[in-house]
Amino acid sequence: MMRPRVSFAMQASKTRHVFDDAALARLDACCEVLSRVPIEDFEAPEAREQLAKTDVLVTGWGCGYIGSDVLRMAPGLKLIAHAAGTVKYMVDPAVYDAGVSVCHAAEANAVPVAEYTLAAIIFANKRVFELRDCYQADHSRKSSWKLMDEPIGNYRRTVGLIGASRIGRRVASMLELLDVDVLLADPFVTQDDPVTKQARLVDLETLLKQSDIVSLHAPALPSTHHMLSRRQFRLMRDGATFINTARGMLVDEDALLDELESGRIHAIIDVTHPEIPDDDSRFYTLPNVFLTPHVAGAAGTERLRLGEMAVAEVERFAKGQPLEYAIEPELLERLA
């Protein structure tokens, strides 16, 4: 049996560290790698020539849209192994109609997002960012000590998770390390779901009213657009912190910013809509906002997990084994 022929399709500038020498050696052992140089433009003549021979397309950040045109250029394509998270913005339904299998490494990308969220929860409950500002402004530490006498810290606090996504579930598991109460709001979760052993299932309104931390982990769908708006943010208790590592479009950001400007709540924001806020956005200037540039996901050497997961799937494919992280077409729209 001929070994599957593999091509890469991604932007090299965005995918450093995804595949190290060990991962590439594993691919060489089970497949014929047509080129280690990734395709960045499907329309380029050399790309067309390579796609005509390709059985497996290993994709990543910056990959072009894979629709009917690409399928015609790659008539032998049997597997798209995505070495990153969601594929719903790059894979056309025609891919499934053509009998091509699709898998992703979203489980690997969930690890650093969950780690970021856990760190954010611990720092937020401890009021670390505010204490840093107090210390910088008052070296005598009088203001710091005053804040430390408030009911801050992580002991017996309540953390609310919105969405039992793979990241939300991983965060719920990590929170077992802390002495906190965990609430979960997700309309698709039932009481017999294993996650209810780690988090108490409640409705969204109850979660917002009772939580010291509200962490968003819902998927970006038409039905979740602005799922958190003015009414929801007003339900949050005074001094609570809102964390968003999901998608900016889930949040009515004007409503959030107005609530933040009142000083009543705090926020740790890793994602916004648009992806980069306007230069005059209040996200940059409000003292009770900790803003990061969409860094919760895999960065640096954390990206190695993505490549390793994609390679493992290609190895299974080459051996005729079932894929572990296959994406069924009916689930494509519900993915984050």
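Residues numbered from 1 in each chain as written. Predicted model: local features only at pLDDT ≥ 70, side-chain atom pairs only at ≥ 80, totals over all residues. Heavy atoms only, no water.

Caption draft 1: Representation of the sheet that holds strand β6 (residues 157–162). Within the open sheet, the seven strands sit side by side as β8-β7-β6-β9-β10-β11-β12. Their pairing is parallel. Sheet topology places β8 (200–201) and β12 (289–291) at the edges, where each strand pairs with a single neighbour. Across four bridges, the pairing between β6 and strand β9 (residues 213–216) is parallel. Bridge pairing in β9 links G160 to V214. (Pairing = 2+ DSSP bridges. Helix = DSSP H or I, 4+ residues; strand = E, 2+ residues; numbered from the N terminus.)

Caption draft 2: Broad picture of the sheet that holds strand β4 (residues 79–82). Taken in spatial order, the five strands make up an open sheet running β2-β1-β3-β4-β5, and their pairing is parallel. The strands lining the two open edges of the sheet, one partner per strand, are β2 (32–33) and β5 (101–104). Where helix α12 (residues 304–318) meets the sheet, its contacts fall on β1 (5–9), β3 (56–59), β4 and β5, and the angle it forms with β4 comes to roughly 160°. (Contact = heavy atoms within 4.5 Å. Axes fitted to C-alpha atoms, helices over the stretch in contact; angles between N-to-C directions.)

Caption draft 3: Quick look at the packing of aromatic side chains. If you walk through the whole model with that rule in mind, you get four aromatic pairs. Arranged with centres 5.3 Å apart and planes meeting at 65°, the rings of F8 and F19 form a pair that is edge-to-face. Residue F8 is found in strand β1, and its partner F19 is found in the loop between β1 and α1 (21–30); the two are separated by eleven residues along the sequence. F19 matches F8 in its accessibility class, with the two residues each being buried. Grouped by ring-pair contacts, the aromatic residues F123, F129 and F290 constitute a single cluster. It is R141 that lies over the ring of Y135; its NZ or CZ is 5.6 Å from the centre. (Phe/Tyr/Trp six-rings, centres within 6.5 Å; stacked < 30°, edge-to-face > 60°. Buried < 20%, exposed > 50% of the residue type's maximum accessible area, 1.4 Å probe, protein only. Lys NZ or Arg CZ within 6 Å of the ring centre and 35° of its normal.)

Caption draft 4: The arrangement of the packing of α1 against α12 in detail. Between α1 and α12, whose axes approach to 10 Å, the crossing angle comes to 10°. Classified by the angle their axes make, α1 and α12 are roughly parallel. Residue-level inspection shows A23, R26, L27 and C30 of α1 in contact with α12, the latter providing E308, V311, A312, V314, E315 and A318. Tallied by class, the residues present in the contact of α1 with α12 amount to seven nonpolar, no polar and three charged. (Parallel < 35°, antiparallel > 145°, perpendicular 65-115°, else oblique. Nonpolar A, V, L, I, M, F, W, Y, C, P; charged D, E, K, R; others polar.)

Caption draft 5: Main features of the nonpolar core. Ranked by internal contacts, the top residues of the largest apolar core, which has 30 residues, are L207, L216, F233, M236, F242, L256 and L260. Secondary-structure elements contributing two or more residues to this core are β7 (180–185), α9 (204–210), β9, α10 (230–235), α11 (253–261) and β11 (266–269). Ranked by residue count, the leading element in this core is α11, at four residues. With residues near it in sequence (within four places) discarded, L260 still touches I265, H266, A267, L286, N288 and V289. Listed in part, the 27 residues of the second largest apolar core include A114, F129, M174 and L175. (Core = buried A, V, L, I, M, F, W, Y, C linked by side-chain atoms within 4.5 Å.)

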